[in-house]
Amino acid sequence: MFGRDFSRVMHDRLILLDAARAGALTAATIPNPSFATVAAAVVAEAPDLPIAGDAGHVQVRYPGDGKAVVLVNYGFQAITPPVARTWGRGPPAVPVSAT
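Note that this is a predicted model, so its numbers are computed, not measured.

Colleague: Residues and numbers for the overall build of the chain, please.
Modeller: Helix and strand content of the chain: three helices and three strands. Within the span of the chain, comprising 99 residues, buried residues form 33% of the whole. Long-range contacts, defined here as pairs at least 24 residues apart, represent 53% of the contacts in the chain between residues at least 6 apart. When the accessible surface of the chain is summed, it comes to about 6,000 Å², and 58% of that surface belongs to carbon and sulfur atoms.

Right, here's the structure in full:
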């Protein structure tokens, strides 16, 4: 029973990693991309996850040297009641970043 949620977290995390990488690639290769362009790349890479393309879910930083760092935040929803009760105060955040 608990394995189902664990598997889902790992699956979602892999999708989020790909989405963050797509956003970082977009931010680093397009000259002066808008936030909306980077967020759209993130959302497009994770169509199965409810990620909004807003500043609460996607953050973009430019540390210099042509690099871009994209952080994607996602609230995981457990499907097994014991796991959901263990987390208590809402879905746990699954933050992922890529450079």
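Next comes the rest of the description.
Colleague: Outline the environment of Arg8, supporting the account with residue identities and numerical values.
Modeller: Its location among the elements puts Arg8 in helix α1 (residues 2-29). Residue Arg8 is classed as partly exposed on the basis of its relative accessible area of 26%. For the pair Arg8 and Ile79, spaced 71 residues apart in sequence, the C-alpha separation works out to 9.4 Å. What Arg8 contacts, discounting residues up to four positions off in sequence, is Phe76, Gln77, Ala78 and Ile79.

Colleague: How would you sum up the confidence of the model for the chain? Please name residues and give values.
Modeller: For the chain, mean pLDDT is 82; residues scoring 70 or higher make up 85% of the total. Helix α2 (residues 35-45) holds the highest mean pLDDT among the elements of the chain, 93, whereas helix α3 (residues 81-87) holds the lowest, 69.

Colleague: Break down the pattern of salt bridges for me, with residues and values.
Modeller: Per the stated rule, a full pass over the model turns up one salt bridge. A salt bridge links Asp18 to Arg21, with the nearest nitrogen and oxygen atoms 3.4 Å apart. With Asp18 and Arg21 both in helix α1 and three residues apart, this pair spans about one turn of that helix.

Colleague: How would you explain unusual backbone geometry if you had to name every residue and give the values?
Modeller: In most cases, non-glycine residues show a negative phi, while peptide bonds are predominantly trans. Even without being a glycine, Asn32 presents a positive backbone phi close to 50°. Relative to the elements of secondary structure, Asn32 occurs in the loop between α1 and α2. Overall, Asn32 belongs to the exposed group, its relative accessible area being 76%.

Colleague: An account of the sheet that holds strand β2 (residues 67-72) is needed here, citing residue identities and associated values.
Modeller: Overall, antiparallel pairing links the three strands, which are arranged β1-β2-β3 in an open sheet. If you trace the sheet from one side to the other, it starts and ends with β1 (58-64) and β3 (96-98), each paired once. Averaged over all adjacent pairs, the angle separating strand axes in this sheet is 20°, with direction ignored. Judged from the five bridges that link them, β1 and β2 form a sheet pairing that is antiparallel.

How each quantity is defined
- Residues numbered from 1 in each chain as written.
- Predicted model: local features only at pLDDT ≥ 70, side-chain atom pairs only at ≥ 80, totals over all residues.
- Heavy atoms only, no water.
- Helix = DSSP H or I, 4+ residues; strand = E, 2+ residues; numbered from the N terminus.
- Buried < 20%, exposed > 50% of the residue type's maximum accessible area, 1.4 Å probe, protein only.
- Contact = heavy atoms within 4.5 Å.
- Areas by Shrake-Rupley, 256 points an atom, 1.4 Å probe, with all protein chains shown as cover.
- pLDDT = per-residue confidence, 0-100.
- Salt bridge = Lys/Arg side-chain N within 4 Å of Asp/Glu carboxyl O.
- Pairing = 2+ DSSP bridges.
- Axes fitted to C-alpha atoms, helices over the stretch in contact; angles between N-to-C directions.

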